[in-house]
There are 2 protein chains.
Amino acid sequence: MARDALEIRFARAPVQCSVVLRDGLLEQLSRAEIGNAGTSCVIITDDLVARLYGKQLKEKLCGIARTNVITFPHGERSKTLNTVARITAKMSKLGCDRKTILFALGGGVAGDLGGFVASIFKRGIQYFQVPTTLLAMVDSSIGGKTGVDAVWGKNQLGSYYQPDGVFIDPSTLDTLPSSEIINGIAEMAKSGIIADPQLFAKIDSALNNKAIIDGLKPLIFNACKIKAEVVEKDEREANLRSTLNYGHTVGHALESSSGYRLSHGKSVLLGMFCEGWISSKLGLFEAKDYERHSLLLSRIRDRFNVRTPLLDQKKVLRFAFLDKKTSEGSLRMSLPEKIGKMHIAKDGMYTAPVSRELFLESLSQLRQERN
Amino acid sequence: MARDALEIRFARAPVQCSVVLRDGLLEQLSRAEIGNAGTSCVIITDDLVARLYGKQLKEKLCGIARTNVITFPHGERSKTLNTVARITAKMSKLGCDRKTILFALGGGVAGDLGGFVASIFKRGIQYFQVPTTLLAMVDSSIGGKTGVDAVWGKNQLGSYYQPDGVFIDPSTLDTLPSSEIINGIAEMAKSGIIADPQLFAKIDSALNNKAIIDGLKPLIFNACKIKAEVVEKDEREANLRSTLNYGHTVGHALESSSGYRLSHGKSVLLGMFCEGWISSKLGLFEAKDYERHSLLLSRIRDRFNVRTPLLDQKKVLRFAFLDKKTSEGSLRMSLPEKIGKMHIAKDGMYTAPVSRELFLESLSQLRQERN
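The rules behind these values
- Residues numbered from 1 in each chain as written.
- Chains lettered and ligands numbered in written order.
- Predicted model: local features only at pLDDT ≥ 70, side-chain atom pairs only at ≥ 80, totals over all residues.
- Heavy atoms only, no water.
- Helix = DSSP H or I, 4+ residues; strand = E, 2+ residues; numbered from the N terminus.
- Buried < 20%, exposed > 50% of the residue type's maximum accessible area, 1.4 Å probe, protein only.
- Contact = heavy atoms within 4.5 Å.
- Areas by Shrake-Rupley, 256 points an atom, 1.4 Å probe, with all protein chains shown as cover.
- Lys, Arg positive; Asp, Glu negative; His and termini not counted.
- Charge placed at Lys NZ, Arg CZ, Asp CG, Glu CD.
- Salt bridge = Lys/Arg side-chain N within 4 Å of Asp/Glu carboxyl O.
- Buried area = accessible area lost by both parts, 1.4 Å probe.
- Polar contact = N/O pair within 3.5 Å; in protein donor to acceptor, adjacent residues only side chain to side chain.
- Nonpolar A, V, L, I, M, F, W, Y, C, P; charged D, E, K, R; others polar.
- Pairing = 2+ DSSP bridges.
- Axes fitted to C-alpha atoms, helices over the stretch in contact; angles between N-to-C directions.
- Least-squares fit on C-alpha atoms with pLDDT ≥ 70 in both.
- Expected span 1.5 Å × (residues − 1).

1. Some thoughts on the overall build of chain A
Then step 1. In terms of regular secondary structure, chain A is built from 15 helices and 13 strands.
Then step 2. When the backbone C-alpha atoms are referred to their principal axes, chain A occupies close to 75 × 55 × 35 Å.
Then step 3. For chain A, with 371 residues in total, the buried portion stands at 62%.
Then step 4. By sequence separation, contacts in chain A at least 24 residues apart represent 77% of the contacts at least 6 residues apart.
Then step 5. Here chain A displays about 14,400 Å² of accessible surface, and carbon together with sulfur accounts for 49% of that area.
Then step 6. Separation of charge centres in chain A, based on 51 positive and 40 negative side chains, amounts to 4 Å.

Structure representation (structure tokens):
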């Protein structure tokens, strides 16, 4: 009987990603920042951002290498395998090859979609994230999570694929629709809650600004640093990175079950209300900090007029179970102990199991309103 | 003006992949070989292989964890993003999660497709390759290249994603259609030409067998070893791995431009005729070895009755330029110097630029026949 065996060992070099924040950065990009390897550039962005910053970035990059812009219709609905097929076909037609450098320009959708395209086009090309929304700047552009939505759930098809760099130009926020700010501030509040009491306090102060965005701009890099520190230690979400999902287990389920009518930021904000309540109910969240936590969330909710739609709670639960973070049939959540400190279970894990009953009960805490 | 910068460094642990070859292996798989991490198993295979080995593997795995089989229609036409969407939706419906272990059972299509599904389902799950064709055993199951075909070219969307292991059971070759053998033997001949004069000679001898497959079985592990050694040294095809593409620049272009009517093995066989001729024409291939090379290829061609269809040479050239290996508008090929030794250019590269004229001329060397 034939019997043979061998082991193949694949060495892995560490991967570097630089995050650069500078006012006017899009006007100043140089070859030094992009590197010398690329034969051409391609900018992936949505139709709206293309008009605002696509041309500007293209002109800048054209000074470095041949550059094309490929657009997709704005909105989460574009985040599908079909769009990936369309964009990659276009790239092929434009002569993109394995040394083309991709720029994912725009919000979370452009980043997730562009990053995913970069990860699978000819088995992977170099790319940069160029976030133009607050959400993308403080959260989704950093950490290398890429992907698209499947009909059966959000972000279910994707990869871990690190960009070579993240270029943040806060001046692009001047054109950000005010309805978009909630998406960023929810993640910034989350960052404060999970790791940075000072950031938490500063967000509270920023809410006093008449133009909130001006209060938030100086805090962007703080939020980036938290994200960077967490993903550097635990890229693949073995443990610590799950703290970044605070508010997201309930949040994603709310978002999906609403057919994405509820925005990401609003969903996560409501999700933090629920998950904070769960943490308090489990006796993990210190009472005083829970109070401060919910007070800030309430201020944000009121300032941005976030309303909870009428919920089909069982449906929300079903969507929660479709989420990637569920495993072996149980829901697990990362829960706060204090502002700036997440709970670590006795087994060293940052997530704790949460019963279906508690999940459902937490939804009942939200003041549901008919639209 | 705000200006901030930070560097994120992602450490990377080495990745291991074991290749195990054993007669009757499918009947003997144990938890020790699969590991303990999985919560459930899913087998991805085509309708034909499902009938032959799907049930058998499922029964074996069911003794270890809950196992489902998902099938797709056999053939290269299934290797699309649409099939990926369908398979992953089915996986979700069956309750697969991040700890599900995927088994890509079958030939090259199942391996490429199954591996790609594993690489993007919930951003990546563990998987094993279980090749049941000669081609998949000696070539495509090893090295972590996964992917699907795009409308604009073969294997253009994919990833590098290593399986935890490759399980080869040569007894599954007993049901291999004889028309499939050419696909494997072409790659085995290639392995001999690029790295192993002994393997080359043994394939020559194997052709004397009445049942060629019996002569080839003892050579499978030799071919696996060559593939393993090459990909271990150069997983991402920075240089050495390009030697594995011998015959494939022309071969893929023939295959694509025929609308995949010409099989992979036949295409690569014809591709090696052309690329060997180019190498000889460039004065790289030693005359005596070029003669032996072409003699073995001719023996294989005649034994398997491989005919060159009438070619639209310009169309073939266009498809060659769509190939991933083209870069900066020039065709590059890895070319032999001797049997078992590939040419290294002065710059240390295993690929050399080949002009359009030489490419077209090499196609003229093939005896084209009307079908």
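This is not the end of the story, as more comes after the structure.
2. Side note on the pattern of salt bridges
All names here are of chain A.
Then step 1. The full count for this structure, using the stated rule, is 34 salt bridges over all chains.
Then step 2. Where Glu237 meets Lys145, a salt bridge forms, and the shortest distance between an N and an O atom there is 2.5 Å. Here Glu237 is found in the loop between α10 (220-233) and α11 (248-257), whereas its partner Lys145 is found in strand β7 (residues 145-150), with 92 residues between them in sequence. Both residues of the pair, Glu237 and Lys145, count as buried.
Then step 3. Among the ionic pairs, Glu255 bridges to Lys154, the shortest N-O distance being 3.5 Å. Here Glu255, found in helix α11, pairs with Lys154, found in strand β8 (residues 153-160); they are 101 residues apart in sequence, far enough to count as distant. Side by side, Glu255 and Lys154 carry an identical accessibility label, which is buried.
Then step 4. Ionic contacts of the salt-bridge type, sharing partners, join the residues Glu76, Lys79, Asp112, Asp149, Lys154 and Glu255 into one network.

3. Some points on the interface of chain B and chain A
Then step 1. Across the boundary between the two partners, chain B contributes 65 residues, which contact 66 residues of chain A.
Then step 2. For the pairing of chain B and chain A, the buried interface totals around 6,500 Å² over both sides, and the portion due to carbon and sulfur atoms is 54%.
Then step 3. The largest contributions to the chain B side of the interface with chain A come from Phe10(B), Arg12(B) and Arg123(B), which together make up 14% of the buried area.
Then step 4. At the surface where chain B touches chain A, the tally comes to 4 salt bridges.
Then step 5. Across the pair Glu235(A) and Arg12(B) runs a salt bridge whose closest N-O atoms are separated by 2.5 Å.
Then step 6. Here chain B and chain A share 20 residue pairs in polar contact (both at pLDDT 80 or more) between them.
Then step 7. Looking at the side of chain B that touches chain A, the elements that each hand over two or more residues are β1 (3-10), β2 (15-22), α4 (81-93), α5 (108-120), β7 (145-150), β8 (153-160) and α10 (220-233) of chain B.
Then step 8. Classifying every residue of the side of chain B that touches chain A by side-chain character gives 29 nonpolar, 15 polar and 21 charged.

4. A word on the sheet that holds strand β5 (residues 100-106) of chain A
Then step 1. Across the sheet, 7 strands lie side by side as β4(A)-β3(A)-β5(A)-β6(A)-β9(A)-β2(A)-β1(B); this open sheet has mixed pairing. Strands at the two margins of the open sheet, each flanked by one partner only, are β4 (66-72) of chain A together with β1 of chain B. Direction aside, the axes of adjacent strands within the sheet are offset by 15° on average.
Then step 2. Inspection of the sheet shows strand β2 (residues 15-22) of chain A paired to β1(B) by 8 bridges, in the antiparallel sense. Across the sheet, Gln16(A) pairs through a bridge with Arg9(B), a residue of β1(B).
Then step 3. Contacts from helix α4 (residues 81-93) of chain A reach β3 (40-46), β4 and β5 of chain A within the one sheet, and its direction differs from that of β4(A) by about 155°.
Then step 4. Each of β3, β4, β5 and β6 (127-131) of chain A touches helix α5 (residues 108-120) of chain A; the most contacted strand, β5(A), lies at about 165° to it.

5. So, unusual backbone geometry
Then step 1. The phi torsion at Tyr260(A) lies on the positive side, around 65°, for a residue other than glycine.
Then step 2. Inspection of the secondary structure puts Tyr260(A) in the loop between α11 and α12 (264-281).
Then step 3. With a phi angle near 65°, Arg123(B) is a residue other than glycine that sits in the positive phi range.
Then step 4. Mapped onto the secondary structure, Arg123(B) falls in the loop between α5 and β6 (127-131).

6. Considerations on the relation of the copies chain B and chain A
Then step 1. In the superposition of chain B on chain A (RMSD 0.0 Å, axial shift 0.0 Å), the rotation amounts to 180°. Expressed as an axis order, the relation between the two copies is that of a two-fold axis. Of the C-alpha atoms belonging to chain B, the one lying closest to the rotation axis is found on Arg12(B), 2.7 Å away.
Then step 2. With an isologous cut-off of 70% or more, the 100% of interface residues of chain B that recur at the interface of chain A puts this contact in the isologous class.

7. So, helix α7 (residues 178-195) of chain A
Then step 1. Taking 1.5 Å as the rise per residue, α7(A) with 18 residues should run 26 Å; its terminal C-alpha atoms sit 26 Å apart, in good agreement.
Then step 2. Among the 18 residues that make up α7(A), 14 are buried, leaving the element largely enclosed by the rest of the structure.

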